[in-house]
Amino acid sequence: MSGLLFVIAAPSGAGKSSLIDALLSEDRHLKLSVSYTTRAPRPGEANGREYHFVDDKTFLAMLERGEFLESAEVHGNRYGTAEAMIREALARGEDLVLEIDWQGAQQVRRLYPACVGVFILAPAVAELERRMRARDQDSDAVIKRRLASAEEEISHAPEFDYVIINKDFDVAKKDLQAIIRVERLRKARA
């Protein structure tokens, strides 16, 4: 029996990574697909855990060989998901989470139409800005670019099967856990 593929997207600052980390720590049957990126690791990140950190030349060579299920350029950095890893994990019956942006989600849906899409929103754009400023030490110009990008990302929320508003972290986590349970039940009944 093949596994389920959960595609989780959100604008920067919505809490996607924190929710996924909490979900994975409580659900040992759910695995995170580790994507490739050309961006530098942030403090506390480790190669192979949050991302496979590669240089631009390596990424472009992988892209040219057709190794990515999806790829995108976001905020000047490249991101991509290795297609072989996804295919093999699903064939083993593993349930996977892809933490990607809306562009990647569109690409994945074309190849895996049965994937389950979840979009995470902050309760308001002002809250996104507050979270960005609290998390990053970026300039006002960078924050403004990220906010403009976030507004475009938010416009794609209706393309997803589920939307969670992350106003209260514990409630949002329970919502995400409920989606996983419902989709597993649907699969078991099919």
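Analysis parameters
- Numbering of residues starts from 1 in each chain and follows the order in which that chain's sequence is written.
- With the structure being a predicted model, the display of local features is reserved for residues of pLDDT at least 70 and the display and counting of side-chain atom pairs for 80 or more, all residues being used for whole-chain, interface and lining totals.
- Excluded from the side-chain calculation are hydrogens and water; included are all heavy atoms of the structure.
- The rule for a salt bridge is simple: a side-chain nitrogen of Lys or Arg has to be within 4 Å of a carboxyl oxygen of Asp or Glu.
- Secondary structure elements follow DSSP: runs of H or I no shorter than four residues count as helices, runs of E no shorter than two count as strands, and numbering proceeds from the N terminus.
- Accessibility here uses a 1.4 Å probe with only protein chains present; expressed as a share of the type maximum, an area under 20% marks a residue as buried, one over 50% as exposed, and anything in between as partly exposed.
- In this analysis, strands are considered paired if DSSP registers two or more bridges between them.
- To obtain an axis, a line is fitted to C-alpha atoms, over the contacting stretch when the element is a helix, and the angle between two such axes runs from 0 to 180 degrees between their N-to-C directions.
- When checking whether two residues touch, look at their non-hydrogen atoms; a contact exists if any pair is within 4.5 Å.
- Polar contacts, as counted here, are pairs of nitrogen or oxygen atoms within 3.5 Å of one another; within protein the pair requires one atom able to donate a hydrogen and one able to accept it, and residues that are adjacent in sequence qualify only if both atoms are side-chain atoms.

Caption draft 1: Fine view of the pattern of salt bridges. Throughout the structure, instances matching the rule amount to 12 salt bridges. A salt bridge links K173 to E26; the nearest nitrogen and oxygen atoms lie 2.8 Å apart. Taken together, the residues K173 in helix α7 (residues 169–189) and E26 in helix α1 (residues 16–26) connect sequence positions 147 residues apart. The partly exposed category is assigned to E26, whose relative accessible area is 48%. The salt bridge partner of R186 is E183, with a shortest N-O separation of 3.0 Å. Of the two residues, R186 and E183 both sit in helix α7, 3 residues apart, roughly one turn of that helix. The exposure class assigned to E183 is buried, which follows from its relative accessible area of 10%.

Caption draft 2: Inspection of the sheet that holds strand β3 (residues 35–37) at higher detail. The strand order across the open sheet built from 4 strands is β4-β3-β6-β5, with neighbouring strands paired in mixed fashion. Looking at the sheet topology across the chains shown, the edges are occupied by β4 (51–53) and β5 (68–74). Strand-to-strand twist across the sheet, computed as the mean angle between neighbouring axes with direction ignored, equals 25°. Here helix α3 (residues 83–91) sits on the sheet and contacts β5 and β6 (77–82); the angle it forms with β6, its principal contact strand, is near 35°.

Caption draft 3: Representation of the side chain of E183 within the structure. Looking at E183, its side chain comes within polar contact range of the side chain of R186, at 3.0 Å. Among all residues touching E183, those that are not within four sequence positions of it are L4, F6, V116 and Y162.

These results come straight from atomic positions and should not be treated as a statement about function.
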